[in-house]
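# Descriptive analysis of the structure
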Amino acid sequence: MSDCEGLPMDDSASAASSMEVTDRIASLEQRVQMQEDEIQLLKSALADVVRRLNHSEEQQAMGSRRGPTKARPMIATLPLRPTVNNGTVLPKKGSGTLPSPSGPGSRKDTSTPANKSLSSLSSLSGSTRILYLPLSTVRRANSNEHVGTLTRKDSGDSKGNRTRAGSTGSNSSGKKSDSKQRDPVFNAGMRRVTHCKEEGYVKMFLKGRPITMHMPKDQVDSYCLEARAELPSNKLKLDWVYGYRGRDCRSNLYLLPTGETVYFIASVVVLFNVDERLQRHYTGHTDDIKCLAVHPDKITIATGQVAGTSSDGKHLAPHVRVWDSVSLNTLHVLGAGFFDRALVCLSFSKSNGGNTLCVVDDSNDHVLSVWDWQREDRLAEVKCSNESVFAADFHPTDSNIVVTCGKSHLYFWNLEKGMLAKKQGLFEKQEKPKFVLCVTFAENGDAITGDSSGNILVWGKGTNRISHVIQGAHEGSIFALCMLRNGTLVSGGKDRRLVSWDSSYQQIQTVEVPELFGPIRTIAEGRGETVLIGTTKNFVLQGSLDGEFMPITQGHTDELWGLAVHPCKPQFLTCGYDRQVSLWDSSTHQLIWTKNMEDAAQSAGFHPTGAVVAVGTQTGRWLVLDTDSKDLVTMHTDGNEQLSVMRFGPDGNFLAIGSHDNYIYIYAVAENGRKYSRVGKCSGHSSFITHLDWSVDSQYLVSNSGDYEILYWIPSVCKQVVSVETTRDIEWATYTCTLAFQVFGLWPDGSDGTDINAVCRSSDKSLLVTGDDFGKVHLFSYPCSQFRAPSHAYGGHSSHVTNVTFLFDDSYLVSTGGKDMSVMQWRIV
């Protein structure tokens, strides 16, 4: 293990057997998710039946003077699992584990800890039961109840005609019991939303579960479900991308003659002019970019992406995009339908004007193909290796020779008459390394490789034999080699040392990169004497071979969830599973400070004064940090599960903490956010807390949970408010809850209730933004209270968008990507 422990998991071999196991696990996850969905719906329907029976018994007791109430059978078809595409439930993007009801995972958990006594009834799936309910509780939908004639996208498939029984309740909590006429009992079929005008509510179904949302009194008479919502007049423009993907990608950092440094993160290629502090972005890709090559003309760029899935479930094929770095126009798209899984290596030829492009994909055979990219014509293809391939490059003086290297191999390929012939590198007396990690070329045409044993090997031009060895050039793996214009060879690797070598391979000097930045992943020649370095901790550094290295780009190194904006400055804070909390300046696009924590972070929220910020972790621990000094102010623990929401009241006197243990913990706050005393906890949700909002006067709190409940609270006494008349006209200081009358229009067709991760309303109350599981940021008009409201959609993230929020003055919007680890700043135009 010692010779390859510097490699991330993505560098390990992906043999055919391991891929089969992965596919089987994905299939099993899908089946488990489908079964959990069925159980979820059964529990929901049965819990509602029990609630109805209790209510009918109360009514019978009250009406006993009028004689017994007749009963008749009502057939309730149990709701079936939701279908998204072709009758199948799509697994979560990036999901690597089986779903758990309430584990230390993210908000992606969709299972609900419902009444345990109902769990044994899961065996009823698909069967029909006759339920005897009193006649007084059953009535048809009356003329005042309008049912939206809106169908799901899957209505045409084989399972599209399954019915979905709508269980009902007097309000979302199911706890209000009064003498008012109850919601109508009806079969929701394929319809998603209903409107009851006489009682002033809209009911939406997610996963077969009814969600009742009461509208403000002043809208009861005027509201029309069929009215068309308008697109917002504003749009978003990508302004800045924070972060770099060095953790598991190589050879993805170059300097262009324009002075721009080019690299990628998520599905965006960033062209960053460091001197002018300006970024441009190529956004032609639809999913993770994994490799990048610059043409000898230094203008044309090729980038390769992974296979993906669109929001409507369609397969997006991996492909190469060749584009112009000046105009940012796409010139050619290569290999859609030919490549498998992803692309791992790209290189333009050097000697024939850069007319050919070699590509290696991530299929089991890691197919090497050579393309005439201008004609979009594939000249040759061959199975390269069933082990990982880390680099592929054309010989600088012979465009028919390609060198590839990877796990246990170094191959010299010769292109002749549409065929690629292979010669294996012969290590002879030299011990064969486990990984050959990088390759470059000397001026005389010799190939130079760096390997996991820390050795640099020189291979004579035109041969497959070693002509020179630099034994022990580094301690551990050599990840990068770069030949400078002046003939100096620069090497870097796991030991964080940057070593320069002269033309006879004698060491010139060594400089060590600080541990903070991590091992060296890639090296590129900068202007004059400078070099650019990409590290495995996702830093891009600029410096010289004998001087200091300064970060020009940095970002997170693990899944990102926490996002909070400063209440009165152009600043925002991010935190994630890398245990790193970072405060950014949105106007200078620079990091103000970063602080490492003991636990993975999940959420954050600023005090209204901006003096302190509270950070929630995955372990139940939460910390308060001084915004200016990043010093720890206080630390508390509530429960032992992740804290999904940290939200201060607008007056700054209370802090509400939403936990995965189903509770909302309330703290009284004093001394400008420096003193905390626990008031109690709000208990009533039957699933984990997902979102919280405070009323403008700080007297009320609204919460959403993993089982789509909407509950209201008086936080100062930790009491639930069940009166609709009290809650329907409350003015909310923020809108981050995904379930409410003012925002329900953001839910797309076919949603399973977890597709929308985050919502934020602008300060001027005109816009609403969402982040979803398909890497999209959507901009809606606010209020968004018409079903299937139109929106502007924006790509850039390649993972689920975990959080979105407007800056305090609505000038910009910030979004965070989960597994893509990127932070994107959008200008509102």
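My aim in this report is to walk through the structure given alongside it, one point at a time. Since the model is a prediction, treat every value here as computed from it, not as a measurement.

## Here we look at the overall build of the protein chain
Helices and strands together make up the secondary structure of the protein chain, namely 2 helices and 62 strands. Considering only contacts in the protein chain between residues 6 or more positions apart, those separated by 24 or more positions represent 53%. For the protein chain, the accessible surface area stands at approximately 32,800 Å², while carbon and sulfur atoms represent 48% of it.

## A look at unusual backbone geometry
With an omega of 0°, the peptide bond running from Tyr782 to Pro783 counts as cis. Mapped onto the elements of the fold, Pro783 is located in the loop between β58 (777-781) and β59 (792-794). Notably, Ala266 is not glycine yet its phi reads approximately 55°, a positive angle. Tracing the backbone through its elements, the reader meets Ala266 in the loop between β11 (260-265) and β12 (268-273). Despite not being glycine, Arg579 has its phi angle at roughly 65°, a positive value. When you line up the elements, Arg579 lands in the loop between β41 (571-576) and β42 (580-585).

## With respect to the side chain of Glu559
Looking at the secondary structure, you find Glu559 in the loop between β39 (549-553) and β40 (560-565). Residue classification places Glu559 among the buried residues on the basis of a relative accessible area of 7%. At 2.9 Å, the side chain of Glu559 forms a polar contact with the side chain of Trp561. In this structure the side chain of Glu559 is engaged in a polar contact, spanning 2.9 Å, whose partner is the side chain of Lys819.

## Quick notes on the pairing of β39
Bridge analysis of strand β38 (residues 540-544) against β39 gives 4 bridges, and the strand direction is antiparallel. Looking across to β39, one finds that Leu541 is bridged to Pro551. Counting the residues in the hairpin turn of β38 and β39 gives 4 residues.

Quick notes on the rules
- Residues numbered from 1 in each chain as written.
- Predicted model: local features only at pLDDT ≥ 70, side-chain atom pairs only at ≥ 80, totals over all residues.
- Heavy atoms only, no water.
- Helix = DSSP H or I, 4+ residues; strand = E, 2+ residues; numbered from the N terminus.
- Contact = heavy atoms within 4.5 Å.
- Areas by Shrake-Rupley, 256 points an atom, 1.4 Å probe, with all protein chains shown as cover.
- Buried < 20%, exposed > 50% of the residue type's maximum accessible area, 1.4 Å probe, protein only.
- Polar contact = N/O pair within 3.5 Å; in protein donor to acceptor, adjacent residues only side chain to side chain.
- Pairing = 2+ DSSP bridges.

Spatial relationships are all this shows, so hold off on functional conclusions.
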